[in-house]
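A closer look at the structure
Here is how the chains run, residue by residue.
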Amino acid sequence: FWLNHRVDDMLLKSSASDFVELVLPVHSKDLEAFLNSSVEIQAESGCRIDLQLKLSGSAEQVQKAKDALDGVLCGEAVQDVFARQAGAEIIKNTSEEVREFINTHGEALEAEHKLKMTVVGSSLHVVANDPSNAAEAREKIEDALAHLTEVVSESVLLPGHFSAS
């Protein structure tokens, strides 16, 4: 699976006779399979699995990856994190109606407000042509989409012979 070595060769015994630590090198291509199975392995074995990541690269690359990991651990999509790092404003959890509206009217909105929009999953990435206007560009798009997310409620009085129960 993800091991190139025998597990017995990687056991690190502590001074306590009942405690054993095992350091497993997990290659990034195998990480998803490991993560998907680690909860079950912990539950069935009673062993705690601590995951440690080693990031390698230039200081800028490592910082970018660290920020992305922090975002993912806080529940953000990876694409949203990298888009935000590149200067995009993110409108999350867009509805199907909003995505259809963007697909239909996006080019006109982009030209009118001087920005670029990309639908990624349920998020909308908004990048202003002028990065100093990113927040303003997001607000303009939110205003343009407001009619799609607006909820209108009306109370209607029913005759007495209608019952709510």
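Below: a short report on this structure.

Rules used in this analysis
Throughout, a residue's number is its position along its own chain's written sequence, starting from 1. Confidence filtering applies because this is a predicted model: local features only for residues at pLDDT of at least 70, side-chain atom pairs given and counted only at 80 or more, and all residues used for totals across whole chains, interfaces and linings. Each side-chain value is worked out from all heavy atoms of the structure, with water and hydrogens disregarded. Only runs of H or I of at least four residues qualify as helices and only runs of E of at least two qualify as strands under DSSP, and these elements are numbered from the N terminus. The buried label goes to any residue with under 20% of its type's maximum accessible area, the exposed label to any with over 50%, and the partly exposed label to all in between, with areas taken from a 1.4 Å probe on protein chains only. The contact criterion used throughout is that any non-hydrogen atoms of two residues lie within 4.5 Å. Methods summary: accessible areas were calculated by the Shrake-Rupley approach with a probe of 1.4 Å, and residue burial reflects only the protein chains presented. For this analysis, a nonpolar core means a set of buried residues of the types Ala, Val, Leu, Ile, Met, Phe, Trp, Tyr and Cys, connected via side-chain atoms within 4.5 Å. By this rule the span expected of a helix is its residue count minus one, scaled by 1.5 Å. When a carboxyl oxygen of Asp or Glu is within 4 Å of a side-chain nitrogen of Lys or Arg, the pair counts as a salt bridge. Whether two strands pair depends on DSSP finding at least two bridges between them. Between the N-to-C directions of two axes lies an angle of 0 to 180 degrees, each axis being a line fitted to C-alpha atoms and, for a helix, fitted only over the stretch in contact.

Along the chain, the regular secondary structure elements total five helices and five strands. Secondary structure elements of the chain, listed N to C terminal, follow the sequence β-β-α-α-α-β-α-β-β-α. For the chain, buried positions account for 22% of its 165 residues. When contacts within the chain are restricted to residue pairs at least 6 apart in sequence, those whose partners lie at least 24 apart make up 39%. Split by element, the accessible area of the chain, about 12,600 Å² in all, is 52% carbon and sulfur.

Okay, the nonpolar core next. Ranked by internal contacts, the top residues of the largest apolar core, which has 14 residues, are Ile102, Leu109, Met117, Leu124, Val126, Ile141 and Leu145. Of all the secondary structure elements, the ones that give two or more residues to this core are helix H4 (96–113), strand S4 (115–120), strand S5 (123–128) and helix H5 (134–149). Leave out the neighbours within four places in its chain, and isoleucine 141 touches Ile91, Leu109, His113, Leu115, Met117, Leu124 and Val126.

This part takes up helix H1 (residues 31–45). The end-to-end C-alpha distance of H1 is 20 Å, a good match for the 21 Å that 15 residues give at a rise of 1.5 Å each. Of the residues making up H1, those classed as buried are Phe34, Ser37 and Ser38.

A few words on the pattern of salt bridges. Under the counting rule described, the total for this entry stands at eight salt bridges. The salt bridge involving lysine 66 is made with aspartate 70; its shortest N-O contact spans 3.1 Å. With lysine 66 and aspartate 70 both in helix H2 (residues 59–73) and four residues apart, the pair spans about one turn of that helix. Of the residues examined, lysine 66 reaches a relative accessible area of 40% and is grouped as partly exposed. A relative accessible area of 35% places aspartate 70 in the partly exposed class. Among the ionic contacts, a cluster of salt bridges with common partners joins Glu76, Arg84 and Lys92.

Strand order across the open sheet formed by three strands is S3-S5-S4, with antiparallel pairing between neighbours. On the outer flanks of this sheet lie strand S3 (89–91) and S4, each paired with one strand and no other. Here the strands of the sheet are splayed against their neighbours by 25 degrees on average, with no regard to which way each runs. Two elements, S4 and S5, share six bridges in a ladder whose sense is antiparallel. Note on S5: the bridge partner recorded for threonine 118 is histidine 125.

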